[in-house]
There are 2 protein chains.
Amino acid sequence: MDRQIEGLKNKLLDELKEFLRMPSVSARSTQGDEASFRECAEWVRSRFEEAGAEARLMETDGHPVVFAEVGEGERTLLSYGHYDVQPPEPLELWESDPFEPDVRDGSIFARGVADDKGDVMARIQALKLYSEESGPLPFRLKFLIEGEEEVGSPSLRGFVQGNKELLRADACVWEGSIKDEAGQPMIFCGTKGLLYVELRAKGASHDLHSMYGGIAPNPAWRLVQTLRTVKDENGEITLDGLDELADEPSEEELEAIDSIPFDEAALKASWGVDELDRGLAGQDALKEMLLKPTANIAGIQSGYTEAGSKTIVPSEAFVKMDFRLVMGQSPGEVLELLRGHLKERGFEDIEVLHLNGLEAAKTPVSSPVVRTAVETWKEMGHEEPVVYPTIGGSGPTSLVATRLGIPTVMTGAVANPESRIHAPNESARLDDYFEAIAYFVRFFHKFAS
Amino acid sequence: MDRQIEGLKNKLLDELKEFLRMPSVSARSTQGDEASFRECAEWVRSRFEEAGAEARLMETDGHPVVFAEVGEGERTLLSYGHYDVQPPEPLELWESDPFEPDVRDGSIFARGVADDKGDVMARIQALKLYSEESGPLPFRLKFLIEGEEEVGSPSLRGFVQGNKELLRADACVWEGSIKDEAGQPMIFCGTKGLLYVELRAKGASHDLHSMYGGIAPNPAWRLVQTLRTVKDENGEITLDGLDELADEPSEEELEAIDSIPFDEAALKASWGVDELDRGLAGQDALKEMLLKPTANIAGIQSGYTEAGSKTIVPSEAFVKMDFRLVMGQSPGEVLELLRGHLKERGFEDIEVLHLNGLEAAKTPVSSPVVRTAVETWKEMGHEEPVVYPTIGGSGPTSLVATRLGIPTVMTGAVANPESRIHAPNESARLDDYFEAIAYFVRFFHKFAS
C-alpha cells in the first residue's frame, strides 16, 4: 500500500494543493463571497464522485454540507470533516501566502492544511486507493463535510436533527488527530464543550480627552473590573456555580490519562515559554487541560492601539472569551451562570453577546472503534498510539456522539505539534499526510473485518 | 481701544487668515515639507518685525523657535505660543478646507485658529496696536513661539535649558485659554503632569489554539492581573507610593476650586452618560479632576479583535496608559514607582515602555500675573472670570513655570467650548478673537503699571 502511494505522491499532493488554494474562510464569508465558498463545496463533492461515492450538496441555514455515501455491507462508518478554515490574519506573519501552498523542509504550509483540509482530502484519497486496489467497500461509508466548523458549526445541529436516518452509523471517525512530540499518533475519544461570548462595555458617546480620565467612565477599566471577577489573582476561575455542574471523570478515563506521556519540556519549548500558566507542571498540567474548564481571553480591544501615544478616554471596549467546558457544563447553562454572576456583582451594564456554543462529548476508551483506531496504528508500526479520553479542544462532536449516540473517535494524524493550527504558517509534514492516507486505507480494511 | 479695533477688523482678520493658510502640521512635517514649515516660522518672524519687535528664528533639534523682543523697562513679560497645528484628518469631516479659512455664522473655521494661531496672532496684533496708540512698551516683552507643541514639544526642554538668560522674565502668559459655556473667560494657573507608558505582556511565540487555554500563559489575562494591582475593585488607584509623592493643595487653591461653577449635568449630557466614574458628583468630581492623579487606559489590545469568534490564546498584549499627575509626582519618579510596584508583585515579565512625560506645573492663584489677568477681564466687562488653580490637561508649562521659576498663567480666550480643538471644523468666534486682541492691549497697559 505504501508503495502504491509512493508512486502517486505528486498527484495526491497536487490535489491537496488545489483544495488549499480555495480561501474558504467561514468567519468572513458572511460578508459575501458565498459563491466562492460554494465553489469549494462543489469541488469537494466532485472529488467524492471521482473516488466512486455518491455525493451531493445539502443545504443548511448556512454553508452547504457535502454528503457522500459509498459501499455496501452490514456495518456503517461515518466520517466527519470540514472544508472551511480559520481566517489567515495576521497576514504579515505568514512566510508564504496562506492560500498558495508552499512546500519547505518536507512540510506543506497553507491555511487549513492541518485543520481540516488535509484530513478530509486524505480520507477521500484513501477511499479511492482502497477501491482501486481492493474493489468495492464491504461496508457503508458516509461522509459529512460541513462548511462552518471554524465558526462553531451553527447550522450543524439543525442538519443532524433533520437527517438522523441518513447519518445513522455504527461508529464515527471525527476530523483528524495529531502526532505527539515523539511522533506517536494520538487518538481522541472526546471533546470539551465551548461557550464563546463577547463582553462589551460602553463609556461616553465619543472618545474624550484624557484630562477627564479621573471622572469619565472608562469602558476599558470597566472590562478589567469585570474580568477580575471571573478569575482570582492567582488565575483560578471564580465563576459562580461552574464547578458544581461538572461531571466526575470515570476510573477508566483517569487510568488512560495516567498513561499519556506528557512532554512538558517539549511543549514549553515549542511555545517558547519558561512556565505554564499558574506554574502548572507534569501530569497536573495534563489533567488541567483535559479535565478542567477554561476561561480564555481570545481578544480584547479598546481605544487607541496604533504606534505612539494618544491621550483619550475610550468610548467603548470589548473582550472575546471562550470557555472550554467539561461534561455536565452545558454552554447554555454556563451562559446563564455568567449573566447571573455579572448581575450579582453589579455589572448589569456589561453587554454579553453570545457568539457560539458547543456541548462537550465523550466516547468510552473501551469502545470497539477506539480499539480499531489503536490496532490500525500498531499495524503500521506505531507501537504506542496514545489514547486521550478527551482533548482540550471542542467541536460539534456531541451532535453525533451524544444526540445520535454514535461512538466517535478522532484518529488519522495529519497534524503535528508544530502545525500552528489557527495561527500563521499552518503546516503539515508531507510524510504525515501520506501516512494518513495509508492509515485510512488500512482502517477501512480493519473496519470491514 | 475697541473703536480702534472696530475700524481695523478686516485688516486684522486678513492677517490671521494668511497665518491659517499655512499648513504647519508638526506631526507630518518630519516626513518632509520642512521648507514650508520654515516659511511659516519666517512669516511669523516678519509679523513681529512689522509690529516693531526684534525677531529671529532660533534653531533647535527640531523645528525652529521664533523668538522676539520689544520694549524697555524694569519688568519683563514672556509670552509662549506655538505656530504648529494638529493634523487636519479626518479630512472628510471638514465642512470647509482646513487650510482655507472660512467665516460662517460669526465664526472663523480653520485648523489652528483656536489652538494656537489665533492666540499668537492676537498678541502680535495687540502689540502693534498698543505701540501705534501709546508708543513704546514701558516693559520688556519677549515672545517664545515654538513649532512642535502638537507633537509633545520634544526640543523645548533643550531650548529652555540653553537659553535661560534670554527667557528670563517676571511673568509668563502661556498659549491661550477658553471661555466657558456661559461666556465667562477661564484663567488657568497650572497643568497636570503626564506619564505615558505602554505595558507589554508576552505569551507563547505565536498564537495558540485555545484548547490550551487552561495551561498556556495568556498575556491578555496577564495584563488584566497586572492592571488589577493598579486600581482596586472600586476603581481607586493603588499604585505603591503615588499618593505619598503628591503635594497637598493650598488653602487658596481649594477656595478657588470651590468658586468654580461645575455644571455636572451639562458635562454628562455632552458625554451621553448617566454617571461619572465611581459615582463622583458635583464639586467632588471637579476636585477629583483637578487635584488627583489618574491612571487612564487610553488603549488596550490583544489577540483576535475582528468580527465573530476565533479561538486562540494570544501571543502578546499591550495596554497604553496615561497617568495625569499632580505637583510632586514627577513622571520620572512615578515611572520608577510603577516599575517597583510591578516588580514587588512578581510582574517583572511586564515590559514597561516609556512613551512620554511632562512635569506638572502650578502658579499660585494669588500671583500678581493672575491678578492682572483677572482684573483685565473685569475691566472689559467680564465680571466673573473663572480662575482654575490647575486644569486636568498637561503641557510643557513646567519648563517655564518650574525650571525658570516664572509665574505662568493661561489667559486671553480665543477658544470657546464649541471650538473643536484637535478635531475637524476647528473654529473661533470672531468676537472672541477681536476681544482677545483688545484684552492683550489692556493687559500690556496693566502689566506696565
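Described in the following lines is the structure provided in the data block. (Residues numbered from 1 in each chain as written. Chains lettered and ligands numbered in written order. Predicted model: local features only at pLDDT ≥ 70, side-chain atom pairs only at ≥ 80, totals over all residues.)

Concerning the sheet that holds strand 1 (residues 54-58) of chain B
All names here are of chain B. Note the threshold: Here the rule is simple: two strands pair whenever DSSP picks up at least two bridges between them. Per the convention used, a helix needs a DSSP run of H or I reaching at least four residues, while a strand needs a run of E reaching at least two, with both numbered from the N terminus.
If you trace the six strands from one edge of the open sheet to the other, you get 1-2-6-3-7-18, paired in mixed fashion. Both edges of this open sheet fall to strand 1 and strand 18 (408-409), since each of them pairs with a single strand only. In the sheet, strand 7 (residues 171-174) pairs with strand 18 via two bridges, with the strands oriented parallel. Each residue of the ladder has a partner; that of Cys172, found in strand 18, is Thr408.

Some remarks on the relation of the copies chain B and chain A
Copies of the same chain, two in number, are related to each other by a rotation about an axis and a translation along it. Threshold: We place the copies in one frame by least squares, fitting the C-alpha atoms of every residue whose pLDDT is at least 70 in both. By the convention adopted here, residues make contact when the C-beta atoms placed from their backbones lie within 7 Å.
It takes a turn of 177° to lay chain B on chain A, together with a shift of 2.6 Å along the axis; the resulting RMSD is 2.3 Å. An overlap of 95% is found between the interface residues of chain B and their copies at the interface of chain A, pointing to a shared contact surface.

Comments concerning the environment of A:Ala298
All names here are of chain A. Just so we agree on the cut-off: Residues are called buried when their C-beta atom has 20 or more other C-beta atoms within 10 Å, exposed when it has 12 or fewer, and partly exposed otherwise; all C-beta atoms are positioned from the backbone.
By secondary structure assignment, the location of Ala298 is in strand 12 (residues 296-303). On the basis of neighbour counts, which here come to 26 C-beta atoms within 10 Å, the residue Ala298 falls in the buried class. Residues Ala298 and Tyr196 lie 102 residues apart in sequence; the distance between their C-alpha atoms is 9.4 Å.

Examining the interface of chain B and chain A
How big an interface is tends to be stated in terms of the accessible area lost upon association of its parts. The partner chain A presents 70 residues to the 63 residues of chain B that form the contact. Ranked by the residues each element gives to the side of chain B that touches chain A, the list is headed by strand 12 (residues 296-303) of chain B, at eight residues. One ladder, built from five bridges, connects strand 12 of chain A with strand 12 of chain B; its direction is antiparallel. Each bridged residue has a counterpart across the sheet, and for A:Gly303 the counterpart in strand 12 of chain B is B:Gly299.

Points about helix 1 (residues 2-20) of chain A
All names here are of chain A. Keep this limit in mind: Multiplying 1.5 Å by the helix residue count minus one yields the expected span of that helix. Each residue is assigned a bend, namely the angle between axes fitted to the seven residues that terminate at it and the seven residues that start at it.
If you check helix 1, its first and last C-alpha atoms are just 24 Å apart, much less than what 19 residues at 1.5 Å a residue would give, namely 27 Å. The sharpest bend along helix 1 measures roughly 70° and falls at Leu8. Those residues of helix 1 that sit buried are Leu12, Leu16, Phe19 and Leu20. If you follow the buried residues of helix 1, they end up packed against helix 4 (117-134) and helix 15 (430-448).

Focus on the packing of helix 13 (residues 368-379) of chain A against helix 15 of chain A
Residue and element names in this part refer to chain A. Stated formally: Between N-to-C directions, angles span 0 to 180 degrees; the directions come from axes that are lines fitted to C-alpha atoms, helices contributing only their stretch in contact. When an angle is under 35 degrees it counts as roughly parallel; over 145 it counts as roughly antiparallel; between 65 and 115 it counts as roughly perpendicular; any other value is oblique. Should the near helix be turned anticlockwise from the far one by less than a right angle, the crossing is termed left-handed; should it be turned clockwise, right-handed.
Where helix 13 contacts helix 15, the two axes come as close as 9 Å, and the packing angle between them is 125°. On the basis of the axis angle, helix 13 is oblique to helix 15. In this structure, the crossing between helix 13 and helix 15 has a hand that is right-handed. For the pair formed by helix 13 and helix 15, the contact residues are Thr372, Glu375, Thr376 and Glu379 on the first element and Tyr439, Arg442, Phe443, Lys446 and Phe447 on the second.

Describing the sheet that holds strand 5 (residues 107-109) of chain B
As a general point, the strands of a sheet are linked pairwise by backbone hydrogen bonds and lie either parallel or antiparallel. Residues and elements named next belong to chain B. One open sheet accounts for three strands, arranged 4-5-19; its pairing is antiparallel. Lying at the two open borders of the sheet, with one neighbouring strand each, are strand 4 (102-104) and strand 19 (427-429). Adjacent strand axes in the sheet meet at a mean angle of 25°, parallel and antiparallel pairs treated alike. Bridging between strand 5 and strand 19 involves three bridges; their strand directions are antiparallel. Following the sheet pairing, Phe109 is matched in strand 19 by Ser427. With respect to the sheet, helix 4 (residues 113-134) is in contact with strand 5 and strand 19, its orientation differing from that of strand 19 by roughly 50°.

Some details on the pairing of strand 10 (residues 193-202) of chain A
All names here are of chain A. Burial runs high along strand 10: seven of the 10 residues are buried. Bridging between strand 10 and strand 14 (residues 316-325) involves 10 bridges; their strand directions are antiparallel. For Tyr196, the partnering residue across the bridge sits in strand 14 and is Asp322. For strand 10 and strand 15 (residues 351-358), the ladder comprises seven bridges, and the chain directions are antiparallel. Bridged to Tyr196 within strand 15 is Asn356.

Some details on the pairing of strand 2 (residues 65-70) of chain A
Residues and elements named next belong to chain A. The buried count for strand 2 comes to five of six residues, which makes it a mostly enclosed element. Where strand 1 (residues 54-58) and strand 2 come together, five bridges link them in antiparallel fashion. Bridge assignment links Arg56 to a residue of strand 2, and that residue is Phe67. The turn joining strand 1 and strand 2, which pair antiparallel and follow one another in sequence, is formed by six residues. Taken together, the five bridges between strand 2 and strand 6 (residues 140-146) define a ladder with antiparallel strand orientation. Counted as the bridge partner of Phe67 is Leu144 from strand 6.

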